[in-house]
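Breakdown of the fold
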Amino acid sequence: QVQLVESGGGLVQAGGSLRLSCAASGSIFGIDVMRWYRQAPGKQRELVAAITSSGSTNYADSVKGRFTISRDNAKNTAYLQMNTLKPEDTAVYYCNAGVFAIGTMIPRQYWGQGTQVTVSS
């Protein structure tokens, strides 16, 4: 079994920064794409950023230039550095990863439990 554990959320003033971490553990042969999603109250979950195993990245337009996704493949961990935070960034942030088990060719998707980010104005 595989677990994703997020950390680093909290309360910050507008203009501040936070760094989220997502650590994967368990029966892992390899990890494909790692993603950060967020869901604000009353809104649908949206993709914030994604990073492939080779380091290619993709961002939602709303966070480009402010957020940076990275990963440490040796530690099976992804990060989301969030700068110049705005009140509209307030949401629960979820980590998602496609994980290869030994002997499989198709990654299975796993989700973390989420971490709350609150940005005050």
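What comes next is a walk through the structure. If you're wondering where the values come from, they're calculated on a predicted model, not measured in any experiment. (Residues numbered from 1 in each chain as written. Predicted model: local features only at pLDDT ≥ 70, side-chain atom pairs only at ≥ 80, totals over all residues. Heavy atoms only, no water.)

**Details of the nonpolar core**
Note the threshold: By nonpolar core is meant a set of buried Ala, Val, Leu, Ile, Met, Phe, Trp, Tyr and Cys residues that side-chain atoms within 4.5 Å join together. Burial status follows relative accessibility: with a 1.4 Å probe on protein chains alone, a residue under 20% of its type maximum counts as buried, one over 50% as exposed, and anything between as partly exposed. Numbering of helices and strands runs from the N terminus; a helix is a DSSP stretch of H or I covering at least four residues, while a strand is a stretch of E covering at least two. Only heavy atoms matter for contacts: two residues are in contact if any of them lie within 4.5 Å across the pair.
Formed by 31 residues in total, the largest nonpolar core has its most connected members in M34, W36, V48, F67, L80, M82 and Y93. Elements that contribute at least two residues to this core include exactly β1 (2-7), β3 (18-26), β4 (30-39), β5 (46-51), β7 (67-72), β8 (77-82), β9 (91-100) and β11 (115-120). Counting residues per element, this core draws most heavily on β9, at five residues. Ignoring anything within four residues of it in the chain, the contact list for V48 reads W36, Y37, R38, N58, Y59, A60, V63, F67, L80 and Y93.

**Topic: the pattern of salt bridges**
Our working rule: Within this document, salt bridges are pairs made up of a side-chain nitrogen of Lys or Arg and a carboxyl oxygen of Asp or Glu, the two lying within 4 Å of each other.
The tally for this structure, following the rule as stated, stands at four salt bridges. Across the pair D89 and R38 runs a salt bridge, and its minimum N-O distance is 2.9 Å. In this pair, D89 sits in the loop between β8 and β9 while R38 sits in strand β4, placing the two residues 51 residues apart along the sequence. Both residues of the pair, D89 and R38, belong to the buried class. For D89, the salt bridge identified is with R66, shortest N-O distance 2.7 Å. Separated by 23 residues along the polypeptide, D89 in the loop between β8 and β9 and R66 in the loop between β6 (57-59) and β7 bring together distant segments of the chain. Note on D89: relative accessible area 1%, which makes it buried.

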